[in-house]
Amino acid sequence: MEKHSSKSGSFIGRHRWRSNLESPRSSFSHKSHHHKSRVLPDTLIHSESSDDLNDSIPLPDDVDHNQILADLDAFAHRISNIQDKTTPPELPDVIDTFSAVIKSKTRKSTVDEDNTFLYESVHRLCKLKTALAEFSNTSQLDKIGKLLRQIMKFMEEELRALLVDSHVSREPKLKVISSKHFSFKSERCPIPEPSKDEDYPGFLEEDISKMNKIVKTMISAGYKNECSNAYSIARGNALYEQLRRLNFEKLNAEEVQKLSWEWLEADITRWIRIIKHFSHFLIPAEWKLGELVFSDDSSIFRGLFVNLIRSLITSLLDYAATVAMMKPSAERLFKFLDMHEALHGLKDAINGEEHESCIDLNSEISSVIERIAEGVVNMFGDLEKSIRHDAAKTPVPGGAVHPLTRYVLNYLRYACDYIDTLEQIFQQSAKLNQLPTSSSSPPEDMDTEKSPLAAQIASVMSLLDGNLAVKSTLYKDPSLRDIFLMNNGRYILQKVKGSSEIKKMLGDNWCRRRSSEVRHYHKSYQRETWARLLQCITQEGILVNGKVNKKVLKERFKNFNAMFDEIHKTQGPWVVSDEQLQSELRASISAVVIPAYRSFVGRYKHHFEAGKNMDKYIKYQPEDIEALIETLFEGNHSTSMSRRRF
């Protein structure tokens, strides 16, 4: 498989086109796009000046072009019927007149609009050349050949002039909408669309028609190479100029390894925009132009087209291949995925033809795509490594959602924006047995028939679960440990349910198991905190011989007040950021505590004298307890303990 060297250097230095086309130009027409006459190059005016073709021959004012063509047809027909091919016939006088007309038409700086004579002349000259080639003496053949070359040189220059005389706007305009990927500092590059005033390549229909006639004429006359060369140089320069205006020349593969990722991100973004503009706009526009210009010779254009774009594509591939060699890092995933998609777009743009050169070029693109894909797979390995090695020794205050949980779930969520690309990458990687061995196994309820990407996502989630379990041990209070696990479990569940792609990959069984775990932590928290509080107001031991033991009753109320105050003080700063979970927790606590406390107070409050004595032991009304429960899990470090009096 072909590899791309990272030692590519500056794009400009290695890929300049071979000529500068800002030269004087000739034209068949007195009109151009700017309504200015084009001047014939001096090199053309004096070409073959030593030949007798340029001798001064008076040209009558009333030359009949049709008669000249008819006389040439008659001469060609006559010599083609001569049986003795040893002695060629003398050229008729019409050849001298014909030469003078050709000389006149190919020397004028402006010409009349009737261009038919030159095209028809080429047809007659080719017939004469073929007929005279059967004779042994070649002096007449040389004269006809020089006439043909003079017209071909003129047509070649006219083709060059037409090809560079477009009215495309000076700056390529991209209409794009970008979206930020939260904290990953990544900007996805959507496919650019040409703005309404974009007119690349900027040729009028009449000029394309002229090019088409010239190309057909030159190729039919055996001047395919000259025609192809003129077209390739002109359109190659036009393509390069479009990319140069997008800062194409600033992309330097040799600098990739020297740049920090922050600087390189901007570079890669530029590369992505360039390659997408190239793939979705410039290539189709150039293909359409070439198909029109070479309408009768499409096979010639296909080979020419691939060679036309190969140099630019090779430079873009060199840059991508060098980026792919970088050490895999999870933060680089999204840029790599953008590059992968951009390269597939490039491949699709040139994939419609079966020309051998096109197949080779697609092979080069595929090679770089594979390296980018390998980097993507390794970046998931780096994500797993980051999770395993995230061993913070300080617990998150209040048992809140851990930053690692937020990072991983948002990472996976945004990665699923590229779900089709990732599925393709991991499927291909699985076929090549390149998937890195994960240190964790997918959950037991994970469907073994899931895709390789789904297995990778499940592996990441399993690692996160294990890491959070270890982090929960940093909390010495079992209740706070449950709050921490409940918070993170609920956050994970909500994020998974909020992403149809992740939910589909992990499956319903996984979601049910996660919901069950969150409920388990909920019950454990309630049992650890509030069940113990209710033990303070149990009926057991209050009645002695059918009478209320006031000492025990007072102790029960004192213990309840003290424990509730401690719970409120301790758990006031705890955090449950999910509003639904927060509401569910408060409701479940109230449902357990309030009825029991109201019943206990209602049954025994008459054993206390009204006033100060009652307030001393029955510190809170049931409504006070309920109001204070509603202040829990908001992260408040101090909450006023207001209460109602009897």
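Because the structure is predicted, anything quoted here is derived from the model rather than measured. (Residues numbered from 1 in each chain as written. Predicted model: local features only at pLDDT ≥ 70, side-chain atom pairs only at ≥ 80, totals over all residues. Heavy atoms only, no water.)

Engineer: Even after reading the chapter, I still don't get the overall build of the protein chain, so can you show me in this structure?
Structural biologist: Counting its regular elements, the protein chain contains 22 helices and six strands. When burial is assessed residue by residue, the protein chain has 50% of its 646 residues classed as buried. Taking all contacts inside the protein chain whose residues are at least 6 apart in sequence as the whole, residues at least 24 apart take part in 80%. Working note: accessible area of the protein chain is about 31,100 Å², and carbon and sulfur atoms make up 48% of it. (Helix = DSSP H or I, 4+ residues; strand = E, 2+ residues; numbered from the N terminus. Buried < 20%, exposed > 50% of the residue type's maximum accessible area, 1.4 Å probe, protein only. Contact = heavy atoms within 4.5 Å. Areas by Shrake-Rupley, 256 points an atom, 1.4 Å probe, with all protein chains shown as cover.)

Engineer: Looking at this structure, how should I read the pattern of salt bridges?
Structural biologist: Scanning the entire structure with this criterion turns up 24 salt bridges. Between Asp-465 and Arg-514 there is a salt bridge, with its nearest N and O atoms 2.6 Å apart. With a gap of 49 residues between them, Asp-465 in helix α15 (residues 452-472) and Arg-514 in helix α18 (residues 508-534) connect regions that are remote in the sequence. Pair check on accessibility: Asp-465 and Arg-514 agree, each one buried. With a shortest N-O distance of 2.7 Å, Lys-619 and Asp-565 are connected by a salt bridge. Of the two residues, Lys-619 sits in the loop between α21 (612-617) and α22 (622-629) while Asp-565 sits in helix α19 (residues 550-571), which places them 54 residues apart along the sequence. By relative accessible area, which is 25% here, Lys-619 ends up partly exposed. One salt-bridge network, held together by shared partners, links Asp-73, Glu-120, Arg-124 and Lys-127. (Salt bridge = Lys/Arg side-chain N within 4 Å of Asp/Glu carboxyl O.)

Engineer: Explanation requested: the nonpolar core in the structure shown.
Structural biologist: In summary, soluble globular proteins display a tendency toward joint burial of nonpolar side chains. With 183 residues, the main nonpolar core has Trp-271, Phe-278, Phe-294, Leu-343, Leu-412 and Phe-557 as its most contacted residues. At 16 residues, helix α10 (residues 298-324) tops the list of elements feeding residues into this core. Aside from chain neighbours lying at most four places away, what touches Phe-278 is Leu-239, Leu-243, Ile-283, Pro-284, Ile-309, Leu-312, Ile-313, Leu-316 and Leu-346. (Core = buried A, V, L, I, M, F, W, Y, C linked by side-chain atoms within 4.5 Å.)

Engineer: For this particular structure, what's the right way to read the packing of aromatic side chains?
Structural biologist: The way to describe two aromatic rings as a pair is by their centre distance and the angle between their planes. The final tally for this structure, using the stated rule, is 24 aromatic pairs. Ring geometry for Phe-557 against Phe-600: centres 5.0 Å apart, planes inclined by 55°, an arrangement best described as tilted. Pair noted here: Phe-557 is in helix α19 and Phe-600 is in helix α20 (residues 579-604), with a separation of 43 residues, a long-range link. The pair Phe-557 / Phe-600 is uniform in exposure class, with both members buried. Members of the aromatic cluster, connected to one another through ring pairs, are Phe-334, Phe-380, Tyr-407, Tyr-411, Tyr-418 and Phe-426. Directly above the ring of Tyr-414 sits Arg-413, whose terminal nitrogen or CZ lies 5.3 Å from the centroid. (Phe/Tyr/Trp six-rings, centres within 6.5 Å; stacked < 30°, edge-to-face > 60°. Lys NZ or Arg CZ within 6 Å of the ring centre and 35° of its normal.)

Engineer: Which parts of the structure should I look at to understand unusual backbone geometry?
Structural biologist: Backbone phi values are negative for most residues with the exception of glycine, while trans is the configuration of most peptide bonds. Non-glycine residue Phe-633 carries a positive phi angle of around 70°. For Phe-633, a relative accessible area of 1% translates into the label buried.

Engineer: Quick question: what am I supposed to make of helix α11 (residues 333-349) here?
Structural biologist: Every α-helix winds through 3.6 residues per turn, so residues three or four apart in the chain are directed the same way. Across its 17 residues, α11 extends 24 Å between first and last C-alpha, which sits within 8% of the 24 Å expected from 1.5 Å per residue. With respect to burial, α11 is a largely interior element, 12 of its 17 residues being buried. Residues Leu-333, Phe-334, Lys-335, Phe-336, Leu-337, Asp-338, Met-339, His-340, Ala-342, Leu-343, Gly-345 and Leu-346 constitute the buried set of α11. (Expected span 1.5 Å × (residues − 1).)

Engineer: Looking at this model, I keep getting lost on the side chain of Ser-329. Mind explaining?
Structural biologist: Within the secondary structure, Ser-329 sits in the loop between α10 and α11. Those residues in contact with Ser-329 that sit more than four places away from it in its chain are Met-379 and Asp-382.

Engineer: How should I be thinking about helix α6 (residues 139-164) in this particular structure?
Structural biologist: For α6, with 26 residues, the first-to-last C-alpha span of 38 Å sits near the 38 Å given by 1.5 Å per residue. Among the 26 residues that make up α6, 20 are buried, leaving the element largely enclosed by the rest of the structure.

Engineer: Looking at this structure, how should I read the environment of Ala-342?
Structural biologist: Relative to the elements of secondary structure, Ala-342 occurs in helix α11. In sequence terms Ala-342 and His-280 are 62 residues apart; their C-alpha atoms lie 9.8 Å from each other. Beyond its immediate stretch of four places on either side in the chain, Ala-342 contacts Trp-271, Ile-272, Ile-275, Lys-276 and Ser-279.

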